[in-house]
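# Chain and residue survey
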There are 4 protein chains.
Amino acid sequence: METCSYEYTARIEVRYAETDQMGIVHHSVYAVWFEQARTEFFRTAGASYADMEAEGFACPVLELGVQYKAPTHYGEFVDIKTTLVKEDKLRYRFKYELSVEGKLCTVGTTLHCFTKAGRPTRELPAKIAVFFPADAK
Amino acid sequence: METCSYEYTARIEVRYAETDQMGIVHHSVYAVWFEQARTEFFRTAGASYADMEAEGFACPVLELGVQYKAPTHYGEFVDIKTTLVKEDKLRYRFKYELSVEGKLCTVGTTLHCFTKAGRPTRELPAKIAVFFPADAK
Amino acid sequence: METCSYEYTARIEVRYAETDQMGIVHHSVYAVWFEQARTEFFRTAGASYADMEAEGFACPVLELGVQYKAPTHYGEFVDIKTTLVKEDKLRYRFKYELSVEGKLCTVGTTLHCFTKAGRPTRELPAKIAVFFPADAK
Amino acid sequence: METCSYEYTARIEVRYAETDQMGIVHHSVYAVWFEQARTEFFRTAGASYADMEAEGFACPVLELGVQYKAPTHYGEFVDIKTTLVKEDKLRYRFKYELSVEGKLCTVGTTLHCFTKAGRPTRELPAKIAVFFPADAK
């Protein structure tokens, strides 16, 4: 497993609509936040996902895993530290560590492949490939 | 304004994820329910919206209006009485009356046009047109 | 691990709002469907979750896992076969098998504990406990 | 109708989950964005809504209206200019103008009252009242 040399921490403000009647953020929202963290990861790395889609790439989610350790609340800002590892020849795993004011609240991962024109590909968008030096050989 | 002779009442079970920290259904959810009511309106009229899209039709929302009279809650079933009127040559208005156990809780409307291949059209999908006899002359 | 003798298959109609620009149901929606499947599981077992909450019980999600095998689409009905096992003294795992016209598309699990008045409890709501005969001894 | 002397423009990045299979932001999402704009309006005015709720205030939505003029897309940032007027003795109206790179795409309003301990009140949270000088007399 090779680790991407780029990582990013996104900051998200909890939206009122994201709470439920337990008074906490609904557990389904975290997958949306993970995706927003990926969007910012790609964009700040110089490879916006919207551009990648325009070039025919997609990066579908194959698996999702979340462990809820402490709830988050309306009025809080959530920091999402996002890292990326190459899982095998075709698959990549994003890892997320969510914290509020430095206190870890949730961890999760999403497993992905890249596709081009709808088919799985080993080719990475060029601006992402540079962060995997071993592949660049 | 000509009224469509078909109307339909959809029944929706409130989902936990649709509540917010006030303990009621979040106000943004009603637009999703209206859309689900339209889906069932078209499907039960014999003109599934998925089929209409496959034929190149779309029915985008131009305007949305909602009046919240009483909240709805997890554990409730919501009945959505859905009617349709022709507003002018190109536009159609759906009207929604939502009630729980017969008690009116919310009313709303959405204004639409029909498009075919991305352009506004006066042509209606055939299975909807039959419900507007004046147009059928 | 003891298996609950009650199981239930919920049927959900895909909502337009649940799709994304890939033309498929967004991956975050499955957690909402799992929850709706639990709502129907409890309700049809005679133990509505709304009633359980009114008695002070809650059943928070500790972990979520989803494997996406094939996409689902607007216009489809999704069957969610839901089963429940006791994982250890305090934790219970729901398992979900989603299929469209008999074709398996997604599997997932959620891990839960029961709480009463906000604290983890080994006590089950009575109407659920009857489905775990070994515990009833 | 008295106008609040405070106004604010929030910037929101479109989330992938907010798109639908037409390739545009789903129309139900705008109500969530309006709410996020109100959150930022209150917070930047020095009166966070989370604090207001902690003091027993709420500001429920009585009516929602949206006019969709042009779609928004994943990859775009949306600016939401938010203003507030006093509608009558008990009701306040937020107005929203959404634009992408200066091009107006959607306008909307939400009508609200303030409640304290669950009942409508003419009392405004102090940090909001200062922006209505006529009331402050």
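As a reminder, the structure under discussion sits directly above these lines.
Residues numbered from 1 in each chain as written. Chains lettered and ligands numbered in written order. Predicted model: local features only at pLDDT ≥ 70, side-chain atom pairs only at ≥ 80, totals over all residues. Heavy atoms only, no water.

## With respect to the overall build of chain A
Looking only at helices and strands, chain A has 4 helices and 9 strands in total. In chain A, the succession of helices and strands from N to C terminus is β-β-α-α-β-β-β-β-β-β-β-α-α. Over its C-alpha atoms chain A spans a radius of gyration of 16 Å, differing by no more than 12% from the 14 Å that the globule rule assigns to 137 residues. For chain A, the spread of C-alpha atoms along the three principal axes comes to 50 × 25 × 25 Å. Out of the 137 residues belonging to chain A, those deemed buried represent 56%. Accessible surface, chain A: about 5900 Å² in total, of which carbon and sulfur atoms supply 51%. (Helix = DSSP H or I, 4+ residues; strand = E, 2+ residues; numbered from the N terminus. Rg over C-alpha atoms; globule rule 2.2 N^0.38 Å. Buried < 20%, exposed > 50% of the residue type's maximum accessible area, 1.4 Å probe, protein only. Areas by Shrake-Rupley, 256 points an atom, 1.4 Å probe, with all protein chains shown as cover.)

## Some words on the environment of G46 of chain C
Tracing the backbone shows G46 of chain C in the loop between α1 (29-44) and α2 (49-54). Sequence-wise, G46 of chain C and C59 of chain C are 13 residues apart; in three dimensions their C-alpha atoms are separated by 16 Å.

## A word on helix α1 (residues 29-44) of chain A
Residue and element names in this part refer to chain A. For α1, spanning 16 residues, the distance from its first C-alpha to its last is 23 Å, which sits close to the expected 22 Å at 1.5 Å a residue. The buried fraction of α1 is high, at 14 of 16 residues. Directly beyond the C-terminal end of α1, a positive phi value near 95° is found at G46. (Expected span 1.5 Å × (residues − 1).)

## Some thoughts on the interface of chain D and chain C
Counting from both sides, the interface comprises 9 residues of chain D and, opposite them, 9 residues of chain C. Regarding the contact of chain D and chain C, the summed buried area is about 880 Å², with carbon and sulfur atoms giving 54% of it. At the junction of chain D and chain C, the tally comes to 0 salt bridges. Across the chain D-chain C interface, the total number found is 4 residue pairs in polar contact (both at pLDDT 80 or more). Of the residues in the side of chain D that touches chain C, the class split is 4 nonpolar, 4 polar and 1 charged. (Contact = heavy atoms within 4.5 Å. Buried area = accessible area lost by both parts, 1.4 Å probe. Salt bridge = Lys/Arg side-chain N within 4 Å of Asp/Glu carboxyl O. Polar contact = N/O pair within 3.5 Å; in protein donor to acceptor, adjacent residues only side chain to side chain. Nonpolar A, V, L, I, M, F, W, Y, C, P; charged D, E, K, R; others polar.)

## Quick notes on the packing of aromatic side chains
Scanning all chains against the criterion turns up 60 aromatic pairs over all chains. Each ring, one from F41 of chain A and one from F42 of chain A, has its centre 5.8 Å from the other, and the planes form 85°; the classification is edge-to-face. Under the relative-accessibility criterion, F41 of chain A is labelled buried at 1%. F42 of chain A sits in the buried class, given a relative accessible area of 2%. Between Y74 of chain A and Y49 of chain D the ring centres are 6.1 Å apart and the planes differ by 70°, which places this aromatic pair in the edge-to-face class. Taken together, the residues span two chains, with Y74 of chain A in the loop between β4 (61-68) and β5 (77-86) and Y49 of chain D in helix α2 (residues 49-54). The class for Y74 of chain A is buried, based on a relative accessible area of 9%. Linked through ring pairs, Y6, F34, F41, F42, Y49, F94, Y96 and F131 of chain A together with Y16 and Y74 of chain D together constitute an aromatic cluster. (Phe/Tyr/Trp six-rings, centres within 6.5 Å; stacked < 30°, edge-to-face > 60°.)

## Some details on the side chain of T110 of chain C
Residues and elements named next belong to chain C. Within the element layout of this structure, T110 appears in strand β7 (residues 103-113). A residue is classified by how much of its surface remains accessible, and T110, at 1% relative accessible area, is buried. Looking at T110, its side chain comes within polar contact range of the side chain of H112, at 2.8 Å. Those residues in contact with T110 that sit more than four places away from it in its chain are F34, R38, V61, E63, L64, Y92, R93, F94 and Y96.

## Things to note about the interface of chain A and chain D
Taken together, the 20 residues of chain A in the interface contact 20 residues of chain D. Counting the surface lost from both chain A and chain D, the interface buries some 1700 Å², and carbon and sulfur atoms represent 47% of this. Here chain A and chain D share 4 salt bridges between them. Put simply, R15 of chain A and E18 of chain D hold a salt bridge, and the shortest N to O gap is 2.8 Å. Taken together, the elements giving at least two residues each to the side of chain A that touches chain D come down to β2 (8-13), α1 and α2 (49-54) of chain A. The element that contributes the greatest number of residues to the side of chain A that touches chain D is α1 of chain A, accounting for 7 residues. Looking at the side of chain A that touches chain D residue by residue, the class counts come to 10 nonpolar, 3 polar and 7 charged.

## Some words on the relation of the copies chain A and chain D
Superposing chain A onto chain D requires a rotation of 180° together with a translation of 0.0 Å along the rotation axis, leaving an RMSD of 0.0 Å. Read as a symmetry element, the transformation amounts to a two-fold axis. Among all residues of chain A, the one whose C-alpha sits closest to the rotation axis is I12 of chain A, at a distance of 5.4 Å. (Least-squares fit on C-alpha atoms with pLDDT ≥ 70 in both.)

## Considerations on the relation of the copies chain D and chain C
With an RMSD of 0.0 Å, chain D superimposes on chain C once it is rotated by 180° and translated 0.0 Å along the axis. In this assembly the copies share their binding face: 100% of the residues contributing to the interface of chain D also contribute to that of chain C.

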